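# Residue-level structural notes
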Amino acid sequence: MRLCVTFALCVLASFAWADAPDPPLPALYAVTGVAADDTLNIRAQPDGSADILGTFGHDAQKIEVTALSLEGRWAQVNVVERTGWVAMRFLRPETLASNALGLPKGLQCFGTEPFWAITFEDGPEITLRTPEKEVRHDILAASQGPLSVNLSEGMYRFSWQDNGITVIAHILSGICFDGMSDRTYGLHYIDDHGPRIGCCSLN
């Protein structure tokens with residue numbers, strides 16, 4: 001009888017685990033539950049015996065998580081020029097502040113060949129940086145209002161002007177690689193001016 005009860009509880013727990021909604025990603029997390037004289041290991045694979053690539057301090061913050069392992073117990077993060085994994089039980093979600101567009105403060109998109117970077121400012125504008133110059137551009141329109149933006153679902157569409165040309169741009173959810181490293185990001189950027197294609201990061 002005890003065996004049957006135990007089995008039933010295990011089945012219920014597995015269903016509860018399977019039904020737990022995945023958190024919206026990418027997102028920022030902070031280290032929790034690690035002693036002040038200890039660190040959180042970053043593993044090469046979502047496995048406690050995998051090689052250690054680096055560590056986070058016990059009070060590390062603004063750690064960008066781009067994906068979870070299949071069972072949700074490991075978080076994919078970036079360390080130096082590659083991707084690693086940390087145990088999800090040692091992370092707690094951080095609240096993301098938003099700008100006037102509803103986008104996360106600190107959001108930036110970037111690409112290579114040629115190098116460029118776009119930073120979203122507090123107002124309805126962006127700053128475009130290239131090796132030659134840095135220019136601020138007003139955002140003309142956006143597909144979502146500031147209270148309805150969720151970058152982990154679907155697409156964010158906006159337009160801005162570059163030397164009199166209206167640029168239509170999109171931020172898309174999904175795994176992205178920058179082509180210059182083994183780092184992994186959770187958002188894409190693409191526009192029709194060039195086109196520029198790149199990845200986006202929350203910090």
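Fair warning: this is a prediction, and the values are worked out from it, not measured in the lab.

A few words now on the sheet that holds strand 4 (residues 63-65). Strand order in the open sheet formed by three strands is 4-1-8, with antiparallel pairing between adjacent strands. Only two strands of the sheet have a single partner each, and these edge strands are strand 4 and strand 8 (91-93). Mean inter-strand twist for the sheet, computed between neighbouring axes without regard to direction, equals 50°. One ladder, built from three bridges, connects strand 1 (residues 27-31) with strand 8; its direction is antiparallel. Bridge pairing in strand 8 links Val-31 to Leu-91.

Our next topic: the sheet that holds strand 14 (residues 165-177). Taken together, the eight strands give a closed barrel; going around it, the order is 9-10-11-12-13-14-15-16, and neighbouring strands pair in antiparallel fashion. Pairs of neighbouring strands in the sheet enclose a mean axial angle of 30°, with direction left out of account. In the sheet, strand 15 (residues 184-191) pairs with strand 16 (residues 197-201) via four bridges, with the strands oriented antiparallel. If you follow Leu-187 over to strand 16, its bridge partner there is Cys-200.

Let us look at the state of the cysteines. The full count for this structure, using the stated rule, is two disulfides. Two residues, Cys-109 and Cys-200, share a disulfide whose sulfurs are 2.1 Å apart. Its S-S torsion of about 100° marks the bond between Cys-109 and Cys-200 as right-handed, since a negative value means left-handed. Highlighted residues: Cys-109 in strand 9 (residues 108-111) and Cys-200 in strand 16, separated in sequence by 91 residues. The pair formed by Cys-109 and Cys-200 is uniform in burial state, with each residue classed as buried. Note that Cys-176 is cross-linked by a disulfide to Cys-199, the S-S spacing being 2.0 Å. In this structure, the disulfide formed by Cys-176 and Cys-199 twists by about -80° around the S-S bond and is classed as left-handed. Taken together, the positions of Cys-176 in strand 14 and Cys-199 in strand 16 put the pair 23 residues apart, joining distant regions of the chain.

Attention now moves to the side chain of Glu-121. In this structure, Glu-121 sits in the loop between strand 10 (116-120) and strand 11 (125-129). In this structure, Glu-121 is in contact with Asn-99, Ile-126, Thr-127 and Arg-136, ignoring residues within four places of it in sequence.

Another aspect to go through is the pairing of strand 14. Summarising the sheet, strand 13 (residues 155-162) and strand 14 pair through eight bridges and their orientation is antiparallel. Across the sheet, Arg-157 pairs through a bridge with His-170, a residue of strand 14. Connecting strand 13 to the next strand, strand 14, in antiparallel fashion are two residues, including Asn-163 with a positive phi near 55°. Relative to strand 15, strand 14 is paired through seven bridges, and the arrangement is antiparallel. Looking at strand 15, one finds that Phe-177 is bridged to Thr-184.

Let us now look at the confidence of the model for the protein. Model confidence for the protein is summarised by a mean pLDDT of 88, while 89% of its residues fall at 70 or above. By mean pLDDT, the top-scoring element of the protein is strand 2 (residues 39-43) (98), and the lowest-scoring one is helix 1 (residues 2-19) (38). Every residue in residues 1-20 scores below 50 in pLDDT, and together they form three contacts with partners more than four places removed in sequence or on other chains.

Each value, and the rule that gives it
Residues numbered from 1 in each chain as written. Predicted model: local features only at pLDDT ≥ 70, side-chain atom pairs only at ≥ 80, totals over all residues. Heavy atoms only, no water. Pairing = 2+ DSSP bridges. Helix = DSSP H or I, 4+ residues; strand = E, 2+ residues; numbered from the N terminus. Axes fitted to C-alpha atoms, helices over the stretch in contact; angles between N-to-C directions. Disulfide = S-S within 2.5 Å. Buried < 20%, exposed > 50% of the residue type's maximum accessible area, 1.4 Å probe, protein only. Contact = heavy atoms within 4.5 Å. pLDDT = per-residue confidence, 0-100.

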